[in-house]
Amino acid sequence: MKLRRRELLSGGLAATVAHPAAALAQGARAAEAVPNSLLWYSNPARIWEEALPLGNGRLGAMVFGGIKRERIQLNEETLWSGGPYRAVNPRALAALPRVRQLIFEGKYREAEALAAKDLQSEPMRQMSYQALGDLLIDLPGINETSATDYRRSLDLDAAVATTRFTSEGKTVTREAFASLTDGVLVIHLSAGGAPFDVAVTLTSGQRVSLAADSGALVMAGWNNEDRGIAGQLRFEARLAARADGGEIAVDNGGVTALGARSLTLLLAAATSHRGPNDVTADPAERTRTVLSAALARSDSDLLARHQAAHRKLFRRVSIDLGSSGRGDRPTDQRVRRNPGNPDPALAALYFQYGRYLLIASSPPGAQPANLQGKWNDSNQPPWGSKYTININAEMNYWPADSANLPECFEPFVRMVEELAASGAETARKMYGARGWVAHHNTDLWRNSGPADHARTGIWPCGGAWLACQLWDHWDYHRDDAYLRRIYPVLRDAALFFVDTLQSEPGTGLLVTNPSNSPENEHPHGSTLCAGPAMDSQILRDLFDRICDAARRLGRDSQLAAQFAATRRRLAPDQIGAAGQLQEWRADWDGAAPDPHHRHVSHLYALYPGQQIDIDATPALAAAAKRSLDTRGDDATGWGLGWRLNLWARLRDGERANAILTRLLSPERTYPNLFDAHPPFQIDGNFGGAAGIIEMLAQSREERILLLPALPRAWPTGAIRGIRLRGGIGLDLSWREGVVETATLTAATATRRTVAVGSVTREVRLRGGRPLKLAGAALTSA
Ligand code: FUC
């Protein structure tokens, strides 16, 4: 790229910076002292799955760490295809009785054909998450081949990505972070005090134009049309540079700096999205406002503010699972070596990485983490990089409370509230029902209809599962203001099923119809069925939760009685001929065409649900174990994440660790530790993080289990700062497989039963006063 000198800046954007490099380096040094928080590599990323993710919810950035050319791939979380739209199929209401009848008559293929024609959403597909573009930083004075001492890293505690190498005697350093507090992506470059030249530009696969505007480089464009839904979003990325020394110029080809001793790039991005039905914001005004506020702060101030906000969340939890002595190796090598020789410190790093990714993709005020969190380089990403709500979006939020990041759950609550609004229209127009419904997928526009295919889309329990998860968040904190907030969402989710559950011929039990046991084909050549086990399990939870909430809040007593009566008529879990937990109403499991199917939907009741438990329902727990054994240990990334949590709930530490080791193998974990479905899907990262906690501590109603599934591979270790249900914090350490100390801190006075293996102890917790239990008291009766 040719260097440009036009539009030379003086003052303003080219402000002099006081020792920013020193501040950044200090941040990085301090952070490396925090164990299990560093990913590092000895070469630049060659593929996207080697690049390192930064994020502040709104922005996602993948840092490649190139030598002569740095590529930072960019995302803005509201840049999706299409615009506000409706997907209601006007024929659905009339076709529904016939589909139901065909299913009850066992004519599943016919039902599926009719459903595909008349029950599916129109358009059938939802909108996709898009890539914003790339920030390219060229160093024309660098000789690519002669660079030495290369290292790039992502410090999870500092939330900074650093690239460093030596070229012709100069140490070039680039540090980047996505500011959680000031909204911008910040990249700082230096060459050990020596002056250097840089050329920076923005590119995109979207329809964009580049222009210089008030000293900044602006890339502006419109999003793509999709499936007949016109692109209705405007977006903009705005890049400013400031240097210590030298000259900066901006024109419509990019930003050029000559002879700078250090350079800071600040990038803001926004779209016109305000909400699922409103795209009237002005992205130029948004980026101008964010950028000028950020420019008013020094580099060191920006970094300090960002790190304080990040560390407030990140440092709540520490983990030590022991060491294999490989902690100083590059992270990609550790993943490669893990299958043959599992590295407990890599599991600990993976756990902290899950927490980092949740902070970076889902801080309060953001959109929730989608199938790829916020990181996507394609305009046609796998599965649209949407919100798949028959497992994936829920899994993303499994660690939010237990791993002590409850703030990061807020975007999920908002999404469910918005989905409930769209879902009320879908319920009314497609089912003739009150309340709200959502199926197996949703997108930025909160489409709640049955999308994609009849086989997957005709599943009415997506909204119900989300509602149950909102209650779970309550259960960790038991905060009545939050319960009041979610109450209408839960109540209306339940109301939909009062109006749509069907009486099963022959038994009179209430079942969903039409539905499917997420994505699993049964022996009759379809997935469509009535009353799959998962649906009844979710609905038992939903009715229980809403009745409990109504009682606590003193509301809707008559309606609650109706909910309780409906709940009593739901089809129960059943144990099949092979001793397994039946996935469907009939004992079809043994003949299902894909016995190793990735979904384990009927085990919802074991995890994340709590209906099945080794102590409370031993026969069902044994049946669930049988089903899990038959499904086998291999699965997609998220399939492993779910199996890990299930084996932890079955208190089998060896099996859980075998699954975790499989997850942390190159087949299921990319060099940058992103989960490989494959392709990349972030749910496995979050399911894995949740599963590691589940192995170490579980809470169920008023009972706490310590080390329920500790594997022999982690004989000595500690985890501090995790959360249990009922507003309780836990610090736990163990030695030679035995609890050393457990410190419980409850927000308000309460009682608990603490169990370690078969030994249980009743404890009384005083509000705010830690109770420290020594291991001896917990290991002998
Ligand atoms: C569900 C899963 C797939 C994939 C997709 C995003 O359809 O069955 O494995 O994760 O969601």
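In case you missed it, the structure is sitting above this.
Report on the accompanying structure. Throughout this document, residue positions are counted from 1 along each chain, in the order its sequence is written. Given that this is a predicted model, residues contribute local features only at a pLDDT of at least 70 and side-chain atom pairs are listed and counted only at 80 or more, while totals for whole chains, interfaces and linings are drawn from all residues. Note that the side-chain values use all heavy atoms of the structure and ignore hydrogens as well as water.

1. Some remarks on the overall build of the protein
So, step 1. A count of helical and extended segments in the protein gives 20 helices and 31 strands.
So, step 2. Based on C-alpha atoms, the radius of gyration is set beside the globule rule, defined as 2.2 Å times the residue count to the power 0.38. In terms of overall dimensions, the protein is globule-like: its C-alpha atoms have a radius of gyration of 27 Å, near the 28 Å expected for 781 residues.
So, step 3. Seen through its principal axes, the protein has C-alpha atoms that stretch 85 × 65 × 50 Å.
So, step 4. Working definition: with a 1.4 Å probe on protein chains only, accessible area under 20% of the residue-type maximum means buried, over 50% means exposed, and in between means partly exposed. Here the protein holds 781 residues, and 63% of them are scored as buried.
So, step 5. Counting only contacts in the protein whose residues sit at least 6 apart along the sequence, the fraction spanning at least 24 positions is 69%.
So, step 6. About 26,000 Å² of surface is accessible on the protein, with carbon and sulfur atoms providing 50% of the total.
So, step 7. As used throughout, the charge tally considers Lys and Arg to be positive and Asp and Glu to be negative, leaving His and the chain termini uncounted. To locate a charge, take NZ of a lysine, CZ of an arginine, CG of an aspartate or CD of a glutamate. Computed over 89 positive and 84 negative side-chain charges, the inter-centroid distance for the protein is 3 Å. A run of H or I in DSSP becomes a helix once it reaches four residues, and a run of E becomes a strand once it reaches two; helices and strands are each numbered from the N terminus. For this analysis, residues touch if any pair of their heavy atoms sits within 4.5 Å. Residue-level accessible areas treat just the shown protein chains as cover; the underlying method is Shrake-Rupley with a 1.4 Å probe.

2. Details of the sheet that holds strand S25 (residues 703-706)
So, step 1. Pairing in this open sheet of 4 strands is mixed, and the strands run S24-S25-S29-S30 from one edge to the other. Since the sheet does not close on itself, it has two edges, and those belong to strand S24 (697-700) and strand S30 (759-765), each with one partner. Averaged over neighbouring strand pairs, the angle between their axes works out to 25 degrees when direction is ignored.
So, step 2. Pairing between S24 and S25: 4 bridges, direction antiparallel. If you follow arginine 700 over to S25, its bridge partner there is arginine 703.
So, step 3. Lying over the sheet, helix H19 (residues 683-696) contacts S24 and S25, oriented at roughly 85 degrees with respect to S24. Pairing between strands is defined by DSSP: at least two bridges between the two strands are required. All axes are obtained by fitting lines to C-alpha atoms, using only the stretch in contact for helices, and the reported angles, taken between N-to-C directions, cover 0 to 180 degrees.

3. A look at the sheet that holds strand S6 (residues 148-155)
So, step 1. Strand order in the open sheet formed by 9 strands is S1-S6-S7-S8-S9-S16-S13-S12-S11, with antiparallel pairing between adjacent strands. Among the strands making up the open sheet, the edge pair consists of strand S1 (38-41) and strand S11 (207-213). Neighbour-to-neighbour, the strand axes of the sheet open up by a mean angle of 15 degrees, direction not taken into account.
So, step 2. Pairing of S6 with strand S7 (residues 160-167), which is carried by 6 bridges, proceeds in the antiparallel orientation. Following the sheet pairing, aspartate 155 is matched in S7 by valine 160.
So, step 3. Sheet contacts for helix H4 (residues 283-295): S11, strand S12 (216-222), strand S13 (234-244) and strand S16 (262-271); angle to S13, the most-contacted strand, approximately 20 degrees.
So, step 4. Taken strand by strand, helix H5 (residues 299-314) contacts S7, strand S8 (170-178), strand S9 (185-190), S13 and S16, and its axis lies near 50 degrees from that of S8.

Note that every value here comes from positions in space, so none of it alone points to a role or purpose.
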